[in-house]
Amino acid sequence: MSLVLDPTAQDLLFREARTSNTFTDEPVTDEQVQAIYDLVKYGPTAFNQSPLRITLVRSPEARERLVQHLAEGNQAKTAAAPLVAILAADNEFHEELPTLMPHFPAAKDLFFSERPVREGSAAMNAALQAAYFIIGVRAAGLAAGPMTGADLAGIQKEFLDDDHTPLMIVNIGKPGEDAWFPRGPRLEADQVITTV
């Protein structure tokens, strides 16, 4: 193998990692979430933008409100997960660019003065950050259950505002009994990679 990462870490992050559908009742702490974010915040994005916003749904009342917006197949596992996060894109991310790009503060107005441009960039880069977040959850020894089967417009109205677009819901915790579906097939490298 030409990978530098230890095979055990490769398995933890990729080969053996799965989308969890059940969880134990072991809590996920704020310290664990902080450690996950402190790791994944370094993942690359365009213009070093950081549009991902994370809403942790901890209270029973908030969990009940969220579950009502999920597809039926996602409701029970979300109600029982130790922690649920709403991952959203901040469409006003450009306000942070002078801090995040001190060498090029004009990028804020030069490239992102129009809302439709910001929305497209926020969606793409927050999705990148969401993927990093899922890998970070795995790096913490936890399992993630990302889901898009939901009324995202309803979740936006219930939990966010017009400047934040929800991307997905992620259940987080230690995997429980019968947590995994069978591993789905993947495409091979020669089906994906083209050299020109």
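The structure this text deals with has already been given above.
Heads up: these notes are all about the structure in this document.

Each value, and the rule that gives it
- Residues numbered from 1 in each chain as written.
- Predicted model: local features only at pLDDT ≥ 70, side-chain atom pairs only at ≥ 80, totals over all residues.
- Heavy atoms only, no water.
- Phe/Tyr/Trp six-rings, centres within 6.5 Å; stacked < 30°, edge-to-face > 60°.
- Helix = DSSP H or I, 4+ residues; strand = E, 2+ residues; numbered from the N terminus.
- Patch = residues over 30% accessible without salt bridge, like charges linked within 9 Å, V, L, I, M, F, W, Y side chains within 5 Å.
- Areas by Shrake-Rupley, 256 points an atom, 1.4 Å probe, with all protein chains shown as cover.
- Salt bridge = Lys/Arg side-chain N within 4 Å of Asp/Glu carboxyl O.
- Buried < 20%, exposed > 50% of the residue type's maximum accessible area, 1.4 Å probe, protein only.
- Pairing = 2+ DSSP bridges.
- Axes fitted to C-alpha atoms, helices over the stretch in contact; angles between N-to-C directions.
- Contact = heavy atoms within 4.5 Å.

1. Notes on the packing of aromatic side chains
Overall, the coordinates contain five aromatic pairs when judged by the stated rule. Summarising the aromatic geometry, the rings of F47 and F111 are spaced 4.9 Å apart at their centres and angled 50 degrees between planes, so their arrangement reads as tilted. Highlighted residues: F47 in the loop between α2 (30-40) and β1 (52-57) and F111 in helix α6 (residues 107-112), separated in sequence by 64 residues. Here the aromatic cluster, defined as three or more aromatic residues joined through ring pairs, consists of F47, F93, F104, F111 and F112.

2. Re a nonpolar patch on the surface
On the surface, a nonpolar cluster with roughly 330 Å² of combined accessible area is contributed by L187, V192 and I193. In this fold, V192 is placed in helix α9 (residues 189-192). Note on V192: relative accessible area 54%, which makes it exposed.

3. So, the pattern of salt bridges
Considering all chains together, one arrives at ten salt bridges under this definition. R15 is paired through a salt bridge with D11; the nearest N and O atoms lie 3.3 Å apart. One end of the pair is R15 and the other is D11, both in helix α1 (residues 7-15) and four residues apart, which spans about a single turn. A residue is classified by how much of its surface remains accessible, and D11, at 26% relative accessible area, is partly exposed.

4. As for the sheet that holds strand β3 (residues 143-147)
Read across the sheet, four strands follow the order β1-β2-β4-β3 without closing on themselves; strand pairing throughout is antiparallel. Edge positions in the open sheet fall to β1 and β3, since each of these has one partner strand only. Direction aside, the axes of adjacent strands within the sheet are offset by 30 degrees on average. Summarising the sheet, β1 and strand β2 (residues 83-90) pair through six bridges and their orientation is antiparallel. If you follow R53 over to β2, its bridge partner there is A88. The sheet strands contacting helix α4 (residues 72-80) are β2, β3 and β4 (164-173), and the helix crosses β3 at an angle near 145 degrees. Each of β1, β2, β3 and β4 is contacted by helix α7 (residues 115-139), which is oriented at about 155 degrees to β2, the strand it contacts most.

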